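Listed here are the chains, written in short residue letters.
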Amino acid sequence: MKFTKMHGCGNDYVYVNGFTEKVADKPKAVVALSDRHFGIGSDGVIFINPSQQADFEMEMYNADGTRAEMCGNGIRCVGKYVYDHGMTDKTSITVESFGKVKYLDLTVENGKVVKVKVNMGKPELTAKDVPVVSEHEQVIDEEIIVKGKSYRMTCVSMGNPHAVVFMDDVEHLAIEEIGPYFENHERFPNRTNTEFVQVIDDSHVKMRVWERGTGETLACGTGCCATAVACVLNHLTGEHVTVQVLGGEIEIYWDQQENLVYMTGPAVTVFEGETEEAYV
């Protein structure tokens, strides 16, 4: 099976051309491919498939083999993949993920995509649709008890669930200890991604993320979007927010008048290769 290793700000995935490659047991293959010791090593695997309602479909899996609804860094890399591989010559394309269509604008230099802007759509704030268990219609600066400690969270869905937690210092956070307890907390029926955020000023924040089904990653595009929305809702920043993640920076703009979130960031190809058939 041929594959391409790509990343967006260090959030790395294995990309497979679903037009030409056929995988019988995708969850099993994803676990094997994602393993950083016995496999290629990645935060998951993304299959690029034909779509009935968009130019392409993104079928995304976490490293543990579970299907995910959306991946912000992943969808930028899909845009780069299809253009760089000659599957399209358009610089404005549509990509379907879990039945929902996103709109991408590709920045091309010397015949290759270097940056992608994505219309990520409307942020979902209704608690039952995030989903998060709450007595309130929306969860904004609401208490949650995790391992006996009180935290304040704001919950947003960007096609997948996010709990944004603001704190004074994210650098020294023991995220490996607390992350799994947030992810699997009883208040999140579908588990959750958790963003731990430190506000620097009214347009810059630092973020570390514990991704559902993967663990800590160097970046999370949908998490950056959720973080920017949460910052605005809590009156901590303006609509334009630069989110500094471990792997770089991602620019987010929440157009509140249109109620649309725009994400702009890099997409990088690392290498291409081929696995033995028996391996996957």
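Note on numbering: residues in each chain are counted from 1, in written sequence order. For this predicted model, a pLDDT threshold of at least 70 governs which residues receive local features, and a threshold of 80 or more governs which side-chain atom pairs are given and counted, while totals over whole chains, interfaces and linings are taken from all residues. Each side-chain value is derived from all of the structure's non-hydrogen atoms; neither hydrogens nor water enter the calculation.

Caption draft 1: The arrangement of the overall build of the protein in detail. When you go through the protein residue by residue, the secondary structure sums to 4 helices and 18 strands. Its C-alpha atoms give the protein a radius of gyration of 18 Å, within 12% of the compact-globule value 19 Å for 280 residues. Per-residue burial for the protein yields a buried fraction of 56% across its 280 residues. Here, residues are in contact when the closest pair of their heavy atoms is within 4.5 Å. Long-range pairs, those at least 24 residues apart, make up 62% of the contacts in the protein with a sequence separation of at least 6. As presented, the protein carries roughly 12,300 Å² of accessible surface, and 47% of it is formed by carbon and sulfur atoms. In this tally, Asp and Glu contribute negative charge and Lys and Arg positive charge; neither His nor the terminal groups of the chain are included. Charged groups are reduced to one reference atom each: NZ for lysine, CZ for arginine, CG for aspartic acid, CD for glutamic acid. Positive and negative side-chain charges in the protein, numbering 25 and 43 respectively, have mean positions lying 3 Å apart. Helical segments are the DSSP runs of H or I of at least four residues, strand segments are the runs of E of at least two, and each set is numbered from the N terminus. Note that the radius of gyration is over C-alpha atoms, with the globule rule given as 2.2 Å times the number of residues to the power 0.38. Whether a residue is buried, partly exposed or exposed follows from its accessible area with a 1.4 Å probe, protein chains only, as a fraction of its type maximum: under 20%, in between, or over 50%, in that order. Note on areas: these come from Shrake-Rupley sampling with a 1.4 Å probe, and a residue is covered only by the protein chains present in the view.

Caption draft 2: Layout of a nonpolar patch on the surface. Taken together, the side chains of Val268, Val270 and Phe271 define a hydrophobic patch exposed on the protein surface, amounting to about 220 Å² of accessible area. The class for Val268 is partly exposed, based on a relative accessible area of 32%. Patches draw on residues past 30% relative accessible area with no salt bridge. Two like charges within 9 Å are joined, as are two nonpolar side chains (Val, Leu, Ile, Met, Phe, Trp, Tyr) within 5 Å. Think of a salt bridge as a Lys or Arg side-chain nitrogen and an Asp or Glu carboxyl oxygen that are within 4 Å of each other.

Caption draft 3: Representation of the side chain of Ser51 within the structure. Mapped onto the secondary structure, Ser51 falls in the loop between β3 (44–49) and β4 (56–62). Polar contacts, as counted here, are pairs of nitrogen or oxygen atoms within 3.5 Å of one another; within protein the pair requires one atom able to donate a hydrogen and one able to accept it, and residues that are adjacent in sequence qualify only if both atoms are side-chain atoms. Among the polar contacts listed, one links the side chain of Ser51 to the backbone nitrogen of Gln53, at a separation of 3.1 Å. Side-chain polar atoms of Ser51 contact the backbone nitrogen of Ala54, separated by 3.0 Å. For Ser51, the residues in contact, after removing those within four places along its chain, are Phe56, Glu57 and Glu96.

Caption draft 4: Spatial organisation of the packing of aromatic side chains. Under the pairing criterion, centres of Phe, Tyr and Trp rings, with the six-membered ring standing for Trp, must be within 6.5 Å; the plane angle then separates stacked pairs below 30 degrees from edge-to-face pairs above 60, leaving the rest tilted. Counted under the stated rule, the structure contains 7 aromatic pairs. When the centroid spacing of 5.2 Å and the interplanar angle of 70° are considered together, the rings of Tyr151 and Phe182 count as edge-to-face. Here Tyr151, found in strand β10 (residues 149–157), pairs with Phe182, found in helix α3 (residues 175–183); they are 31 residues apart in sequence, far enough to count as distant. Accessibility classification places Tyr151 together with Phe182 in one group, the buried group. Ring-pair connections join several aromatic residues into one group, and the members of that group are Tyr151, Phe182 and Phe196.

Caption draft 5: Highlighting the nonpolar core. Ranked by size, the top nonpolar core spans 53 residues in total, and within it Tyr15, Met58 and Ile252 carry the most contacts. Filtering out sequence-adjacent residues up to four positions away, Met58 remains in contact with Ile46, Phe47, Arg67, Met70, Cys71, Gly74, Ile75, Val78, Val95, Glu96, Ser97 and Phe98. For the purposes of this section, nonpolar cores are sets of buried Ala, Val, Leu, Ile, Met, Phe, Trp, Tyr and Cys residues that join through side-chain atoms within 4.5 Å. Within the second largest apolar cluster, 20 residues are counted, among which are Val146, Met167, Leu173 and Ile178.

Caption draft 6: Fine view of the pattern of salt bridges. In total, this model carries 13 salt bridges according to the counting rule given. Of the charged contacts in the structure, one is a salt bridge between Glu69 and Arg212, with a shortest N-O distance of 2.6 Å. Taken together, the residues Glu69 in the loop between β5 (67–68) and α2 (72–84) and Arg212 in the loop between β13 (204–211) and β14 (215–217) connect sequence positions 143 residues apart. Of the two residues, Glu69 and Arg212, neither departs from the other in class, the shared state being buried. Residues Lys80 and Asp84 are paired through a salt bridge, measuring 2.6 Å at the closest nitrogen-oxygen approach.

Caption draft 7: How the structure looks around α3. Within the sequence span of α3, burial applies to Ile175, Ile178, Gly179, Phe182 and Glu183. For α3, the arc enclosing every buried residue in end-on projection is 135°, short of the 170-degree limit, so these residues lie on one face. α3 presents Glu176 and Glu177 as exposed residues on the side facing more than 90 degrees away from its buried surface. Turning to α3, the residues buried within the fold contact β9 (142–146), β10, β11 (161–166), β12 (193–201), β13 and β14. The directions from the helix axis to the C-beta atoms are what the arc is built from.

Bear in mind that shape data such as this cannot, by itself, settle questions of function.
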